[in-house]
Amino acid sequence: MMTKEQYIESLRKLNLKVYLMGERIENPVDHPMIRPSMNSVAMTYELAEKEEYKDLMTATSNLTGKTINRFCHLHQSTEDLIKKVKMQRLCGQKTAACFQRCVGMDAFNAIYSTTYEIDQKYGTEYHKRFTEYLKMVQDKDLTVDGAMTDPKGDRSLGPSQQPDPDLYLHIVEVRKDGIVVRGAKAHQTGAVNSHEHLIMPTVAMKEEDKDYAVSFAVPSDAEGVFMIYGRQSCDTRKLEKDADMDLGNSQFGGHEALVVFDDVFVPNERVFMCKEWDFAGMMVERFAGYHRQSYGGCKVGVGDVLIGAAALAADYNGVPKASHIKDKLIEMMHLNETLYACGIACSAEGMKMPAGNYQINLLLANVCKQNVTRMPYEIARLAEDIAGGLMVTMPSQQDLRSPEIGRYVEKYFKGARNTCTENRMRILRLIENLTLGTAAVGYRTESMHGAGSPQAQRIMIARQGNLENKKELAKVIAKIDESKNVINK
Ligand code: SF4
Ligand code: FE
């Protein structure tokens, strides 16, 4: 496995093409707006080195028998699925941000099981290719951007109906030695901190969409690949001088980018689906299921930090004993643990796939994510309620440090007895960061849209919920005789 330092050095060796605010960035690793997000991924390496976290952060590879980082693992049991969620909660607690590496892990497990089933039907060799690819990823301990979401253009039209054919990533040429692809993947979590991009289709497809049914992997600095970095609320604070306090979380963050594939050649050994349109939906459903499980871990870990920050804000405001504050904190914990319970439940109810790895219970994973589209918003609302308006009206670190006015900031923003003004400002800025600032991308909007928007889960819940069976149960209890309905017609 790589150490944290080796991971950082390995990124420096990549020749990434990254654009940020209209300019090509020569050194993404040390860029002040990107670096905190890289530190979050680095945490997945650092924790794996620590004895106390080995059980959660590492696993034994079923492919090689070696000890690997769990982020590269194919889950071998329901216990593995549960440990995955616990690992994500831990990483959320340590970074208070999106640590990005889960998308690769979720893609590995979805592609591994789907390629097995494609090969069963078509006699192809995708599963063997993917297994070889994953062995390389595990041995090198790589971070992989599992990429699903296409830009999608006009949402009322399918991939092959779009006026611009590139709005879904597609195959433009099939050669003897590989394929050429064109298109883009949007909202790519951690793309700039990844060694590889691992591509999957974004929707179930029809036969006319077959050029869009494609899965493959390329190095993140492959010819023809470039990335355009996504903006975040308050992101340029990271460029300011003496803004450590104002950032709320100066060490960690997350990021998303648009990854463009401008006629990229992919050699055959890295192609894992090529026009098998009838398997696109399966791959999407499985990846989405795994990532919806993931949110029952990562968002809970970040929620732990936010609840802690709200409780500290109450302490510093001098109101920790107020009954309504205590009740709000209880409510926040209740909501947060409800999400965790969903993450654990869909894992405990997981099952072995034909390929041999374990998959979560899809219905419960979708229920988990549906709750994530709501509960973090309520937790954030309560945190803002407890924090008070000062969270968004207080002056800057530079004002606090100013020889001229610093003592006024110190005096007028002091809270409870024995509380230092700086600490009070720091904790309020952390709440601001998580609810309105750069980390709000990960904690709020991503809770809504990441791993699929709420409606996507409702479709899956409708499909998996087995309503007919529930009707039968009710009929038996109520002694319904269906033949009477016919007679009454
Ligand atoms: Fe991992 Fe959560 Fe970020 Fe997805 S949103 S990559 S599950 S930390
Ligand atoms: Fe996500």
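Not measured: the values here are computed from a predicted model.

Trainee: I keep staring at the coordination of the iron ion (ligand 2) and nothing clicks. Help me out?
Mentor: With distances of 2.4 to 2.5 Å, the protein atoms coordinating the iron ion (ligand 2) are Y295 (OH) and E446 (OE). Placement of the pair is Y295 in helix α8 (residues 280-317) and E446 in helix α16 (residues 440-449), with a sequence separation of 151 residues. By the burial criterion, Y295 is buried, and E446 matches it.

Trainee: Looking at this structure, I do not really get the sheet that holds strand β7 (residues 178-189). What am I missing?
Mentor: Each strand in a sheet pairs with another by means of backbone hydrogen bonds, the pair being arranged parallel or else antiparallel. Sheet architecture is open: 6 strands sit in the order β2-β1-β10-β11-β7-β6, paired in mixed fashion. Two strands close off the open sheet at either side, each with one partner strand: β2 (23-25) and β6 (170-174). Between one strand axis and the next, the sheet turns through 20° on average, direction left out of account. Relative to strand β10 (residues 225-229), strand β1 (residues 18-20) runs parallel, the two being bridged by 2 bridges. Within the sheet, the bridge partner assigned to Y19 lies in β10 and is I228.

Trainee: Looking at this structure, I do not really get the site of ligand 1. What am I missing?
Mentor: Close contacts around ligand 1 come from C98, F99, Q100, C102, T189, H291, S294, Y295, C298, K299 and E446, and that covers them all. Broken down by element, the shell around ligand 1 gets its largest block of residues, 5 residues, from α8. Taken together, the residues that form the shell around ligand 1 break down as 5 nonpolar, 4 polar and 2 charged.

Trainee: Looking at this structure, how should I read the packing of aromatic side chains?
Mentor: For any pair of aromatic rings, geometry is given as the distance between the ring centres together with the angle between the planes. The full count for this structure, using the stated rule, is 9 aromatic pairs. Ring centres 6.1 Å apart and planes at 75° place the aromatic pair Y122 and F279 in the edge-to-face group. Residue Y122 is found in helix α5 (residues 102-122), and its partner F279 is found in the loop between β12 (271-274) and α8; the two are separated by 157 residues along the sequence. Using a relative accessible area of 40% as the deciding quantity, one classes Y122 as partly exposed.

Trainee: Would you explain the pairing of strand β5 (residues 144-147) in this entry?
Mentor: Two faces belong to every sheet, and in a regular strand the side chains alternate between them. Across the two faces of β5 the burial is the same, with V144 and G146 and D145 and A147 all buried. Two strands pair when backbone bridges link them, and β5 and strand β8 (residues 196-199) are joined in this way by 4 bridges, in the parallel orientation. Following the sheet pairing, A147 is matched in β8 by I199.

Trainee: Can you help me understand the pattern of salt bridges in this one?
Mentor: Where side chains of opposite charge bring their charged atoms close, a pairing between them can arise. Overall, the coordinates contain 38 salt bridges when judged by the stated rule. Residue K54 is joined to E51 by a salt bridge in which the shortest nitrogen-to-oxygen separation is 3.9 Å. Relative accessible area serves as the criterion here: at 27%, K54 is assigned to the partly exposed category. E51 sits in the exposed class, given a relative accessible area of 64%. Notably, a salt bridge pairs D211 with K275, separated by 3.2 Å at the nearest N-O pair. Linking D211 in the loop between β8 and β9 (214-219) with K275 in the loop between β12 and α8, this pair joins segments that are 64 residues apart in sequence. Shared partners join several salt bridges into a network, and the residues in it are E9, R12, D30 and R35.

Trainee: Looking at this structure, I do not really get unusual backbone geometry. What am I missing?
Mentor: Backbone phi values are negative for most residues with the exception of glycine, while trans is the configuration of most peptide bonds. For D242, which is not a glycine, the phi torsion comes out positive at approximately 50°. In this structure, D242 sits in the loop between β10 and α7 (244-247). Judged by its relative accessible area of 45%, D242 is partly exposed. Positive phi, close to 55°, is recorded for K479, a residue that is not glycine. Within the secondary structure, K479 sits in the loop between α18 (467-478) and α19 (482-488).

Trainee: Where do I start with helix α6 (residues 126-140) in this structure?
Mentor: When the terminal C-alpha atoms of α6 are compared, their 21 Å separation across 15 residues agrees well with the 21 Å that a helix rising 1.5 Å per residue should span. Along α6, the residues classified as buried are Y126, H127, R129, F130, T131, Y133, L134, V137 and Q138. As for α6, its buried residues are in contact with β4 (67-69), α5, β5, β8, β9 and β12. D141 sits one or two residues past α6 and shows a positive phi near 55°.

Trainee: What should I look at first to understand the packing of helix α4 (residues 78-95) against α8 in this one?
Mentor: When two helices pack together, their arrangement is given by the angle between the helix axes and by the axis-to-axis distance. It is at 7 Å that the axes of α4 and α8 come closest, and there the two elements cross at 35°. As for the relative orientation of α4 and α8, their crossing is right-handed in sense. Here L81, K84, V85, Q88, R89, G92 and Q93 of α4 come into contact with α8, specifically with Y290, Q293, S294, G296, G297, C298, V300, G301, V302, D304 and V305.

Trainee: Quick question: what am I supposed to make of the nonpolar core here?
Mentor: A general feature of soluble globular proteins is that nonpolar side chains tend to end up buried together. In terms of nonpolar packing, the biggest core is built from 80 residues, with Y7, F108, F130, V181, L198, F216 and F261 touching the most fellow members. It is α5 that contributes the most residues to this core, 7 residues altogether.

Trainee: It is not clear to me how a nonpolar patch on the surface should be interpreted in this structure. Could you clarify?
Mentor: A surface patch of nonpolar side chains, about 330 Å² in accessible area, is lined by I405, Y408 and Y412. Position of Y412 relative to the elements: it lies in helix α14 (residues 406-412). Judged by its relative accessible area of 58%, Y412 falls in the exposed class.

Trainee: It is not clear to me how the side chain of S40 should be interpreted in this structure. Could you clarify?
Mentor: With respect to the element layout, S40 can be found in helix α2 (residues 35-49). Among all residues touching S40, those that are not within four sequence positions of it are T95, A97, C98, F99, Q100, F252 and G253.

Rules behind the numbers
Residues numbered from 1 in each chain as written. Chains lettered and ligands numbered in written order. Predicted model: local features only at pLDDT ≥ 70, side-chain atom pairs only at ≥ 80, totals over all residues. Heavy atoms only, no water. Donors = N, O, S within 2.8 Å, 3.2 Å for Na, K, Ca; no water. Helix = DSSP H or I, 4+ residues; strand = E, 2+ residues; numbered from the N terminus. Buried < 20%, exposed > 50% of the residue type's maximum accessible area, 1.4 Å probe, protein only. Pairing = 2+ DSSP bridges. Axes fitted to C-alpha atoms, helices over the stretch in contact; angles between N-to-C directions. Near = heavy atom within 4 Å. Nonpolar A, V, L, I, M, F, W, Y, C, P; charged D, E, K, R; others polar. Phe/Tyr/Trp six-rings, centres within 6.5 Å; stacked < 30°, edge-to-face > 60°. Salt bridge = Lys/Arg side-chain N within 4 Å of Asp/Glu carboxyl O. Expected span 1.5 Å × (residues − 1). Contact = heavy atoms within 4.5 Å. Left-handed = near helix turned anticlockwise from the far one by under 90°. Core = buried A, V, L, I, M, F, W, Y, C linked by side-chain atoms within 4.5 Å. Patch = residues over 30% accessible without salt bridge, like charges linked within 9 Å, V, L, I, M, F, W, Y side chains within 5 Å. Areas by Shrake-Rupley, 256 points an atom, 1.4 Å probe, with all protein chains shown as cover.

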